[in-house]
Amino acid sequence: MSLIDKIFGGKKSSAQEARDRLTLILAHERAINVPYMDAMKQEILEVIKKYTKAQKIDIKTDSNQDFNTLEVEILLEK
């Protein structure tokens, strides 16, 4: 693909479009298809509540093509 095609939105090949669609579908399925995620979040919340006096607990999940992440943000009381 030439620079002019990239700038002015040259047409992708059908193979490239199919590859892009498949990548999106796989990323979406990986984000959804984690059966233990809700149970794990609940267990993490219970442990945090048991050992701390947290004012606020936020749990976020994210995934991309290579890995899934679980981010826990805890606001502790002084």
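Just so we're clear, the structure is a prediction, and the values are computed from it rather than from any experiment.

S.K.: An account of the overall build of the protein is needed here, citing residue identities and associated values.
M.R.: Along the protein, the regular secondary structure elements total three helices and two strands. Counted from the first residue to the last, the protein has its helices and strands arranged as α-α-α-β-β.

S.K.: Please give an account of the confidence of the model for the protein that cites residues and values.
M.R.: For the protein, per-residue confidence averages 76 on the pLDDT scale, and 73% of positions sit at 70 or higher. For the protein, the element scoring lowest by mean pLDDT is helix H1 (residues 3–7), at 62; helix H3 (residues 37–51) scores highest, at 86.

S.K.: Can you explain the pattern of salt bridges? Please cite residues and give values.
M.R.: Per the counting criterion, the structure on display carries one salt bridge. Here Lys56 ties to Asp58 by a salt bridge, and the two come within 3.6 Å at their closest N and O atoms. Asp58 sits in the partly exposed class, given a relative accessible area of 26%.

S.K.: Quick rundown of a nonpolar patch on the surface? Include the residues and the values.
M.R.: Together, Leu70, Val72, Ile74 and Leu76 make up a nonpolar patch on the protein surface, roughly 290 Å² of accessible area in all. The topology assignment puts Leu70 in strand S2 (residues 68–76). Taking the relative accessible area as the measure of exposure, Leu70 reaches 30% and is therefore partly exposed.

S.K.: Describe in detail the environment of Asn64, supporting the description with residues and values.
M.R.: Residue placement: Asn64 occurs in the loop between strand S1 (54–63) and S2. Separated by 40 residues in sequence, Asn64 and Leu24 place their C-alpha atoms 9.4 Å apart.

Definitions and limits used
- Residues numbered from 1 in each chain as written.
- Predicted model: local features only at pLDDT ≥ 70, side-chain atom pairs only at ≥ 80, totals over all residues.
- Heavy atoms only, no water.
- Helix = DSSP H or I, 4+ residues; strand = E, 2+ residues; numbered from the N terminus.
- pLDDT = per-residue confidence, 0-100.
- Salt bridge = Lys/Arg side-chain N within 4 Å of Asp/Glu carboxyl O.
- Buried < 20%, exposed > 50% of the residue type's maximum accessible area, 1.4 Å probe, protein only.
- Patch = residues over 30% accessible without salt bridge, like charges linked within 9 Å, V, L, I, M, F, W, Y side chains within 5 Å.
- Areas by Shrake-Rupley, 256 points an atom, 1.4 Å probe, with all protein chains shown as cover.

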